[in-house]
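Read off the chains here:
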Amino acid sequence: MSNSPATPANYWLRSGFLTLLERGSGMVFSLGTAVLLLRALSKEEFAAWGLFILVTYFLEMGRTGLIQNGLVRFLTIHRQEPATYSAITTASLFLNFAFSIASNLLLWLGMSWFIEMYHAPQLAVVLPVYFVTNFVMALFYHYNFVQQANFEFRGIFWSTFWFRGALFAWVAFCKITGQPIVLQHLALAMLAGAVLGAAGSYRFAQKHLNHARRVDFQWVGKLISYGKFVLGTNVSTMFYKNMDKLALGHLIGPAAFAVYDAAGKVTQMIEAPSFSIAAVVFPQSAERMEREGTVGVKHLYERSVGATLAIILPFLVFVLIFAQPIILLFAGPQYLESAGILQLTAFFGVFMPFAVQFGTILDSTGRPATNFVYTTFTAVINLGLSYLFVHRFGLVGAALATLTGYAISFVFMQHFLYKKYGINALRAFQYIPGFYMIAWNLLKRKLGIHSPPPLPHPLEKSIPMAEPSKSESLLP
């Protein structure tokens, strides 16, 4: 077990960089794999693989929701109590394997229905492989969650690097050697990556592992009690983020799913910083709520959203201008119709930081049930809009439905945050120039250019501050 970081600056810069690197490397490998597969597989095969990834991601998000936030919160609070710490850690490990068993059973029972629903018989050869991968992922995520609770992010980066990198390496090997790409072999490559990732994560997590000899089912119950709402929230989030693709695949067919998914892969790169910063914010948010109350949470939310927007906005502008060349480079001319879809889905990234940090703040401050209600509300809206708009507008309708659902959800979420925490969403935008100034000053120092002392990091300060006057800096 370890203590929290010595200084806020070191924590944010080190952990933020590692988490962004972890998300970034995973996204690059996923994007690289998709680029190669788009050119090597038929639209039907690519759609089947996309559905497989979607199903397995649903399960990964379910596991994360059930276990991660509760484990991180409880270990953060009880880090200095060895007996309680070990009881929580063991309960989490037990729950991880229990989830693998339950989700495998659910996957086996629903496999035939899903294959028939989406006209993807190729899934019959890849889903059984995931039954084994699912058990390896229990260890993979257990080690990563324990590291996050102890403010350790190195192993999380390396585990993701190996997990995503192994699949990319296999696809690249097939491309270079001219071997045909077989879907079952892709699933086996994912299994190999899970084994390598779990081993890499263990190397960094072992100093934080302190397991009890017996499972404390009282703590299992506490983790489930806390995580059940986060589980529901994550599943609802997956539905509202993917309802457009699911509606297309069901109503129009696998080819439409493939075209839409080509744009979605690029959009995920724009959204990646939201989840990177959320992983860093969560343990800090839990501590600040204990130490400073709602005022600390308010400033943390506004600054973390501002930091995410500062990263996302340049990518958004780039995608809007160069959507067609991006699709040509990424997917090839057979997916050129995805360019217009990409220009719409790119705007998802503007709403994502607010939604992700909304969930982070609510979960870390003990309001997972409220987060679940709002996310389920968004999922229901997107479900209705997706089926209505896809029927009426086809591919474009799927993007419009999700964008409209995000906008409606944004209004309701921000109203709640303002009432409960005094959070003003507009204040996030005023911190964006400060982040660019900090980045510019860091770059000048790296290049040896003389510059004045750097401004304090916008995520560091947690002391309540008054609204800035016209003469005051907008930075904390």
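Please read these numbers as outputs of a predicted model, since none were measured by experiment.

Conventions and cut-offs
- Residues numbered from 1 in each chain as written.
- Predicted model: local features only at pLDDT ≥ 70, side-chain atom pairs only at ≥ 80, totals over all residues.
- Heavy atoms only, no water.
- Helix = DSSP H or I, 4+ residues; strand = E, 2+ residues; numbered from the N terminus.
- Contact = heavy atoms within 4.5 Å.
- Areas by Shrake-Rupley, 256 points an atom, 1.4 Å probe, with all protein chains shown as cover.
- Expected span 1.5 Å × (residues − 1).
- Bend = angle between axes of the 7 residues up to and from the residue.
- Axes fitted to C-alpha atoms, helices over the stretch in contact; angles between N-to-C directions.
- Parallel < 35°, antiparallel > 145°, perpendicular 65-115°, else oblique.
- Left-handed = near helix turned anticlockwise from the far one by under 90°.
- Nonpolar A, V, L, I, M, F, W, Y, C, P; charged D, E, K, R; others polar.
- Phe/Tyr/Trp six-rings, centres within 6.5 Å; stacked < 30°, edge-to-face > 60°.
- Lys NZ or Arg CZ within 6 Å of the ring centre and 35° of its normal.
- Core = buried A, V, L, I, M, F, W, Y, C linked by side-chain atoms within 4.5 Å.
- Buried < 20%, exposed > 50% of the residue type's maximum accessible area, 1.4 Å probe, protein only.
- Patch = residues over 30% accessible without salt bridge, like charges linked within 9 Å, V, L, I, M, F, W, Y side chains within 5 Å.
- Salt bridge = Lys/Arg side-chain N within 4 Å of Asp/Glu carboxyl O.
- pLDDT = per-residue confidence, 0-100.
- Polar contact = N/O pair within 3.5 Å; in protein donor to acceptor, adjacent residues only side chain to side chain.

Participant: Summarise the overall build of the chain; cite the residues concerned and give the values.
Facilitator: Scanning the chain from terminus to terminus reveals 16 helices and zero strands. Nonlocal contacts in the chain, meaning residues at least 24 apart in sequence, comprise 83% of its contacts between residues at least 6 apart. Here the chain has roughly 19900 Å² of accessible surface; of this, 68% comes from carbon and sulfur atoms.

Participant: An account of helix 3 (residues 82-117) is requested, with residue identities and associated values reported.
Facilitator: Here helix 3 spans 50 Å end to end across 36 residues, near enough to the 52 Å set by a 1.5 Å rise per residue. Gly110 marks where helix 3 bends most, by close to 50°. Positive phi appears at His119, one or two residues downstream of helix 3, with a value of about 50°.

Participant: Any chance you could break down the packing of helix 2 (residues 43-77) against helix 6 (residues 183-205) for me, citing the residues and the numbers?
Facilitator: It is the contact of helix 2 with helix 6, at a shortest axis distance of 11 Å, that shows an interaxial angle of 30°. Our classification of the angle between helix 2 and helix 6 gives roughly parallel. In this structure, helix 2 meets helix 6 at a crossing whose hand is right-handed. For the pair formed by helix 2 and helix 6, the contact residues are Glu45, Ala48, Trp49, Phe52 and Ile53 on the first element and Leu183, Leu186, Ala187 and Met190 on the second. Looking at the contact of helix 2 with helix 6 residue by residue, the class counts come to eight nonpolar, no polar and one charged.

Participant: Tell me about the packing of helix 2 against helix 3, and please be specific about residues and values.
Facilitator: Between helix 2 and helix 3, whose axes approach to 10 Å, the crossing angle comes to 160°. Classified by the angle their axes make, helix 2 and helix 3 are roughly antiparallel. By crossing handedness, the relation of helix 2 to helix 3 is classed as right-handed. Contact residues: Leu51, Val55, Leu59, Gly62, Arg63, Leu66, Ile67, Leu71, Phe74 and Leu75 in helix 2; Tyr85, Ile88, Thr89, Ser92, Leu95, Asn96, Phe99, Ser100, Ser103, Leu107 and Phe114 in helix 3. Looking at the contact of helix 2 with helix 3 residue by residue, the class counts come to 14 nonpolar, six polar and one charged.

Participant: I'd love a proper account of the packing of aromatic side chains, names of residues and values included.
Facilitator: Summed over the entire model, instances satisfying the criterion amount to 27 aromatic pairs. Each member of the aromatic cluster is reached from another via a ring pair, and the members are Phe29, Phe157, Trp158, Phe161, Trp162 and Phe168. Geometry around Phe204 places Arg203 over its ring, the cationic atom sitting 5.1 Å from the centre.

Participant: A description of the nonpolar core should follow, citing residues and the corresponding values.
Facilitator: Among the nonpolar cores identified, the biggest contains 99 residues, and Phe52, Leu123 and Tyr335 are the most heavily contacted of them. Broken down by element, this core gets its largest block of residues, 17 residues, from helix 2. Those residues within four positions of Leu123 in sequence are excluded, and the remaining contacts are Ala48, Leu51, Phe52, Phe114, Ile115 and Pro128. Residues Val305, Ala307, Phe358 and Ile423 belong to the second largest nonpolar core, which totals 21 residues.

Participant: Give a description of helix 12 (residues 348-364) that names residues and reports values.
Facilitator: An ideal rise of 1.5 Å per residue puts 24 Å on 17 residues; helix 12 measures up with 24 Å between its terminal C-alpha atoms. Of all 17 residues in helix 12, 14 are buried; the element is thus mostly enclosed. Looking one or two residues beyond helix 12, the residue adopting positive phi is Gly366, at roughly 80°.

Participant: Tell me about a nonpolar patch on the surface, and please be specific about residues and values.
Facilitator: Among the surface-exposed residues, Val317, Phe318, Ile321 and Phe322 lie close enough to one another that they form a single nonpolar patch of about 390 Å² accessible area. Locating Val317 in the fold gives a position in helix 9 (residues 294-321).

Participant: I'd like to hear about the pattern of salt bridges, residue by residue, with values.
Facilitator: As enumerated under the stated definition, the model contains three salt bridges in all. Arg427 serves as the salt-bridge partner of Glu302, at 3.0 Å between the closest nitrogen and oxygen. Remark: Arg427 occurs in helix 15 (residues 426-430) and Glu302 occurs in helix 9; sequence separation between them is 125 residues. Since its relative accessible area comes to 0%, Glu302 is described here as buried. For Arg427, a relative accessible area of 5% translates into the label buried. Ionic contacts of the salt-bridge type, sharing partners, join the residues Lys298, Glu302 and Arg427 into one network.

Participant: Explain the confidence of the model for the chain to me, and be specific about the residues and the numbers.
Facilitator: Put simply, the chain has an average pLDDT of 79, and 81% of its residues get 70 or more. Element-level pLDDT for the chain is lowest in helix 8 (residues 254-292), with a mean of 61, against a maximum mean of 94 in helix 6. The model gives residues 1-7 a pLDDT under 50, and that stretch makes 19 contacts with residues more than four places away or in other chains. Note on residues 457-476: pLDDT under 50 across the span, and 50 contacts to partners over four residues away in sequence or across chains.

Participant: Tell me about the side chain of Ser409, residues and numbers included.
Facilitator: By secondary structure assignment, the location of Ser409 is in helix 14 (residues 395-421). Residue class for Ser409 comes out buried when judged on its relative accessible area of 5%. Within the structure, Ser409 has its side chain in polar contact with the side chain of Thr378 (distance 2.7 Å).

Participant: Before we move on, can you summarise the environment of Leu336 with the specific residues and values?
Facilitator: By the element assignment, Leu336 lies in the loop between helix 10 (323-330) and helix 11 (338-345). With ten residues separating them in the primary sequence, Leu336 and Ile326 have C-alpha atoms 9.5 Å apart. Aside from chain neighbours lying at most four places away, what touches Leu336 is Gln324, Ile327 and Leu328.

Participant: Explain the environment of Ser86 to me, using residue names and the numbers behind them.
Facilitator: Assignment of secondary structure puts Ser86 in helix 3. If we skip the residues at most four places from it in the chain, Ser86 touches Asn210, His211 and Ala212. Polar contacts involving the side chain of Ser86 include one to the main-chain carbonyl oxygen of Ala83, which spans 2.9 Å.

Participant: Now, about the environment of Ala258: what can you tell me, with residues and values included?
Facilitator: Its place among the elements puts Ala258 in helix 8. On the basis of relative accessibility, which here comes to 0%, the residue Ala258 falls in the buried class. Contacts of Ala258, omitting those with residues within four sequence positions, involve Lys43, Phe46, Ala47 and Tyr335.

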